[in-house]
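# Analysis of the macromolecular model
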Amino acid sequence: MYRLLIAFLLLHFCSEAQQYSFVNFSTNSGLPQSQVTAMSQDHENYLWIATLGGAARFNGEEFLSFSTNDGLLNNKVSTIQYLDGKVYLGHEGGLSIIQNNKVIANYQLQSSQQNVSVSSIISFNNTIIVGVNGGGLFELKDKKLQEIKSSENLLRIKEIICIENKYYIATRDGLFTTIDFKSFSEIKDFEETSINSIKLWKDNTLLVCTPTQGLFEYDLVSGKTKKIELPTKNSENQEVYKYLFVDNQSRIWIIGKSGILVRDKSGKTQYLDEKSGLPTVNFRTIYQDIEGNIWLGSDGKGILKYPEDAFTFFDKKDNLASELIMSISQDQNGTFHLGSFDKGLIKMSKDKSENIELDNNLVWCSMLNIENKNWYGTEFGLVSIDKAGNKKYYYEEDGCPGNKITTLYKLSNSSFLIGGINGLSIYENSKIRINSPESNPPGSVRNILVYSKDIYCATDKGLYKISGNKLEDIDDKKSVAYSLAKFENAIYFGTSDGLFKLNPVTQKIEKILLSKNPSSSFINFLNATPSGLFVGTNNGLYLFNEKEILHFGIESGLIDLETNLNSSFYDKNGNLWFGTAEGLVKFNFKKEITKENKSQPNLVLEEILLNYKEFDYSKYAKKFAYSGLPLDLSLPYTMNTLTFEMNGISLSQIKSQKYQYWLEGLEGTWSPPGTNKSITYTSLPAGEYTFHYKAIDQEGHRSQEKKISFIIRAPFYKTWYFYLFIFIIFVAIIIGLFRLRIKRERQKNYQEMLEYKSRMIQLEQQSLNASMNRHFIFNSLNSIQYFINNKDRISANKYLSSFAKLIRKNLDSSAEGGSMVSLEQELERLELYLSLEQMRFQDRFEYTIDSGDMDLDSIMIPSMLLQPFVENSIIHGILPDEDLKGKINIKIRNLEDSVQIEIKDNGMGIDNSMMSKTSMDGDHKSHGMSITSKRMELFSKMKEQNYNLFGPVQINNSEGKSMGTEVIFKIPIE
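Residues numbered from 1 in each chain as written. Predicted model: local features only at pLDDT ≥ 70, side-chain atom pairs only at ≥ 80, totals over all residues. Heavy atoms only, no water.

Before going further, it helps to examine the overall build of the protein chain. Helix and strand counts for the protein chain stand at nine helices and 71 strands. For the protein chain, the C-alpha radius of gyration of 61 Å lies well beyond 30 Å, the compact-globule estimate for 974 residues. A total of 974 residues make up the protein chain; the buried ones form 52% of that total. Carbon and sulfur atoms make up 47% of the accessible area of the protein chain, which amounts to about 47,200 Å² in all. Computed over 108 positive and 116 negative side-chain charges, the separation of the two mean positions in the protein chain equals 2 Å. (Helix = DSSP H or I, 4+ residues; strand = E, 2+ residues; numbered from the N terminus. Rg over C-alpha atoms; globule rule 2.2 N^0.38 Å. Buried < 20%, exposed > 50% of the residue type's maximum accessible area, 1.4 Å probe, protein only. Areas by Shrake-Rupley, 256 points an atom, 1.4 Å probe, with all protein chains shown as cover. Lys, Arg positive; Asp, Glu negative; His and termini not counted. Charge placed at Lys NZ, Arg CZ, Asp CG, Glu CD.)

Structure (structure tokens):
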């Protein structure tokens, strides 16, 4: 009974075998070494691979390698784990740590443990715990790997996992648990059992993989253990299980010595080996990335990406007679009729494959069940095969459009169109006839489509339409047309120059750009399906609809990029079949679109170049992001050429990713999507900038927008503080010039003042001399002598006393500081002078001094100012007329800001005096008035006030007769 069960499982297992197009990355792709021991993924979605020749970081297309040259402890990397922003690498004999793509530290085990390898790395209470196969447990503490005390059974550790804060440790001596890494408990069901790997399966089930005893499930709640029966490739040889993995669909993956066993949730199993398309059966590890891709780490062939069931292929390994399939059809029984390039007709069912030889084994096209016959177009003739297997051949003489038949199109159950090297023929009523010459397209017809009773033909001379008996040339470019399809009320035709859309109503043609890759413009087949229009090209398969254009290539699981002409077929189960140079491909698009994809496309800013060179960020920034990029980059104006080196990350479709960027502060919007990942901005002006960037995958999904801000500092001569400095310098210069000018003006004024003072002293001396001239003194002494001789002692004493006072006051006035005296002093001196002259000239004149109620003592005027004009009035105005009784009136008035002194006499007048030119004293010349006038001018300059002198002027009556002379002084009040 047990053997029957095993046989049944084997039969079930083998019947489901199929080939996959595994995508292989090895040393020729950039992987540092082909023996892969472990894999992990970081927060940026990079895949990290541990090998026995170093480690590598993979973005889906390119590898960045790390070795001892980069600081690794050694190149034998036994495990790898991404934890808390750092990549931890377990080696033979120690540990290395990578952060921001740089090896930042490595730690060695004790000298006695240099030959044992780290097998597991986990984080526990912010501490790194390391499991060593042959060395036990260690913790990274105080920059050392310090041993954790445990039992001898915990020396050969294979794997450590955490489930709800409880840690399970798989060893070669059993299964242990701990919550604090201080005390350990052993699970009794696995005592002294060698365990290679453990994983959590479902909610409360722990899978335990043993090398020879098989796979067990351990219930974490009840503690019960149950063995899971697994089929083997050969029941006579016991399988050895090396590694266990559970994916996000709860499928169990087990690495055995003969390949990989995959068991789904329902218990259905599948074995992956060479017959499934694997290049080797030796594997060490399995990993599933965040996008849902399964990665297989091999022992000698690098890493392989499992394409799931979306793409499978068939070739000679599946007993297919030929790998070059040119046409595909399927009958009512589900059997595929495959037309090959070199082996004729192949019938392929689920259980077997049958090859049918034809007279010509190059089969271009096929069509089933017309008049109970199957029809095949070959390189030489049309062939029909009835149900009994009888063959009948039709050639050009039988009505075929040449002997090379390239396409067939069903019209009804009894009629069809035949396209060949010489145009178009029709089969109906069991006969073949060439199409009418008026409506027969020229050249070789490659594909046919009937739309609204019009027949469209893709030929090597372009696209033609047959409407009734009329032939119309549709394509003016005359591109070689290979394929046709009706999709969403339009006609699409594929050419050697690309895909085109034809509006059947307006007959307008629009070109559809699938990709910028030139190989994508060579269209081999078109197939309209509910999912969209499938387009086979020389650059793989495309799916086109109004929303998106999807591309499927080698990285998607396609075995070969070049598809065969008109070789596609869409079956009733939603599978697209088509031929390639490497074999027949089945594409289950439903599985492709339902494949779990948890991540958006990602784009990472890897590096910033300054003036095309790498630079130390820390010189221009103080804060840094988690990735190591600067957050507050501030650059001098001489370093204003920046290159942003970006790296797209997609472990599914990186070649289909496009990138957008935008430099805020320079550009107004996002750039168009493109493939360029290195962006350079040259000679940026000073200012604040933010570089935005994001990725877009082939389905139009956008990555999270990322950005980095930076500042280009203005040159010092354009900064505000430089402008302030210049302004301060300018103001200082202006102030300096102003002060210099003031100083010079002061010096000039001082010099002028000295000159004025010198002149003033001179004029004052002259004024004093004028007031005390020798004639006045001589005459005064004569008068005194006269009074003495006449024995008029009273008059003599009076005169002598007044004369002495006058002399003293004149001397006092000349000695006053600033040449200024009070008006009261000046009037006293003047009155003394007038009294002396009045006595000397025996009352020839009289005088009055009218000052009102002014405070004469507070008003300062230049000294010896009035006497010369009073003297002039006496000598030149009054005395010359002996019959005249002279009058001299002096009036003083207080104005708003000055004092006015008016001297008026009733003498002969100054004009008459000047005309007579007579002098009482002979040689006496009066200079007092001119001296006073000059003094007034000097006072105006020195005091910067107006000292005005008006006159002397002659006063005439209405008859023109002189009434005297008038002099007016206006002196500012200080």
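Right, let's talk about the nonpolar core for a bit. L823, L834, V870, I874, I888, I901 and F969 are the most contacted members of the largest nonpolar core, which has 42 residues in total. Take this core: its biggest share by element is eight residues, from helix α6 (residues 823-840). Once you skip the residues sitting within four places of it in the chain, L834 turns out to touch F845, Y847, V870, I874, I888 and I890. (Core = buried A, V, L, I, M, F, W, Y, C linked by side-chain atoms within 4.5 Å. Contact = heavy atoms within 4.5 Å.)

Turning next to the packing of aromatic side chains. For the coordinates displayed, the defined rule picks out 52 aromatic pairs. With 5.2 Å between their ring centres and 80 degrees between their planes, F869 and F969 make a pair best called edge-to-face. In this pair, F869 is assigned in helix α7 (residues 867-878) and F969 in strand β71 (residues 962-972), connecting sequence segments 100 residues apart. Every member of this aromatic cluster is reached through a ring pair, and the members are F644, Y661, Y681, Y689, F691, Y693 and F710. When the ring centre of W201 is taken as reference, the NZ or CZ atom of K202 above it lies at 4.2 Å. (Phe/Tyr/Trp six-rings, centres within 6.5 Å; stacked < 30°, edge-to-face > 60°. Lys NZ or Arg CZ within 6 Å of the ring centre and 35° of its normal.)

What follows deals with the sheet that holds strand β35 (residues 363-370). Taken together, the four strands give an open sheet; going across it, the order is β35-β36-β37-β38, and neighbouring strands pair in antiparallel fashion. Edge strands, defined here as strands with exactly one partner in the open sheet, are β35 and β38 (391-394). The average angle at which neighbouring strand axes cross in this sheet is 20 degrees, direction not considered. Note that strand β36 (residues 373-378) and strand β37 (residues 381-386) share six bridges and pair antiparallel. Within β37, the position partnered with Y376 by the bridge is V383. (Pairing = 2+ DSSP bridges. Axes fitted to C-alpha atoms, helices over the stretch in contact; angles between N-to-C directions.)

Attention now goes to the environment of D454. Among the structural elements, D454 can be located in strand β44 (residues 454-459). Overall, the relative accessible area of 15% leaves D454 in the buried class. Measuring from C-alpha to C-alpha, the distance between D454 and S467 comes to 4.9 Å, with 13 residues separating the pair along the chain. In terms of polar contacts, D454 uses its side chain to reach the side chain of S467, at 3.1 Å. (Polar contact = N/O pair within 3.5 Å; in protein donor to acceptor, adjacent residues only side chain to side chain.)

For the rest of this paragraph, the subject is the pairing of strand β23 (residues 241-246). Among the six residues of β23, five are classified as buried, and the element is accordingly described as predominantly covered. The sheet contact formed by β23 and strand β24 (residues 252-256) spans five bridges and is antiparallel. Each residue of the ladder has a partner; that of L244, found in β24, is I254. Where β23 folds back onto β24 in an antiparallel hairpin, the turn is made up of five residues, including S250, whose phi is positive at roughly 65 degrees.

Looking now at α7. With twelve residues, α7 ought to run about 16 Å at 1.5 Å a step, and its terminal C-alpha atoms sit 15 Å apart, in line with that. Most of α7 sits out of view: twelve of its twelve residues are buried. Three or more residues of α7 are buried, namely Q867, P868, F869, V870, E871, N872, S873, I874, I875, H876, G877 and I878. (Expected span 1.5 Å × (residues − 1).)

The end-to-end C-alpha distance of α6, which contains 18 residues, comes to 26 Å, matching closely the 26 Å that a straight helix rising 1.5 Å per residue would cover. Within α6, 13 of the 18 residues are buried, which leaves it mostly tucked inside the rest of the structure. Of the residues flanking the end of α6, it is Q842, one or two places downstream, whose phi is positive at about 50 degrees.

A few words now on the sheet that holds strand β69 (residues 898-905). Within the open sheet, the five strands sit side by side as β66-β68-β69-β71-β70. Their pairing is mixed. Here the strands that pair on one side only, and so sit at the sheet edges, are β66 (845-850) and β70 (948-956). Shown here is a sheet whose adjacent strand axes are inclined to one another by a mean of 10 degrees, direction ignored. Running over the sheet, α6 touches β66, β68 (886-894) and β69 and is turned about 170 degrees from β66. Strands β66, β68, β69, β70 and β71 of the sheet are contacted by α7, whose axis makes an angle of about 155 degrees with β68.

In this section: the pattern of salt bridges. Counted under the stated rule, the structure contains 13 salt bridges. R284 is the partner of D299 in a salt bridge, and the nearest nitrogen-oxygen pair spans 3.5 Å. A residue pair is termed long-range when its members are at least 10 positions apart, and D299 in the loop between β28 (294-298) and β29 (303-306) and R284 in strand β27 (residues 283-288) qualify at 15 residues. Looking at D299, the relative accessible area reads 30%, which means it is partly exposed. (Salt bridge = Lys/Arg side-chain N within 4 Å of Asp/Glu carboxyl O.)

Before going further, it helps to spend a moment on the side chain of N647. Structurally, the position occupied by N647 is in strand β60 (residues 642-649). At 3.2 Å, the side chain of N647 forms a polar contact with the side chain of Y46. Excluding residues that lie within four positions of it along the chain, N647 makes contacts with Y46, R57, N59, N602, L603, V604, E606 and K677.

A cluster of nonpolar residues, F725, I726, I729, F730, I733, I734, L737 and L740, forms a patch on the protein surface that exposes about 710 Å² of accessible area. Mapped onto the secondary structure, I733 falls in helix α3 (residues 720-771). (Patch = residues over 30% accessible without salt bridge, like charges linked within 9 Å, V, L, I, M, F, W, Y side chains within 5 Å.)

Let us now look at the pairing of strand β50 (residues 509-512). Sheet analysis places strand β49 (residues 498-502) next to β50, joined by four bridges and oriented antiparallel. Across the sheet, residue L499 finds its bridge partner in β50, namely I512. The antiparallel pairing of β49 with β50 creates a hairpin that spans six residues between the two strands, and Q507 there sits at a positive phi of about 65 degrees.

The analysis is restricted to geometry; functional conclusions fall outside its scope.
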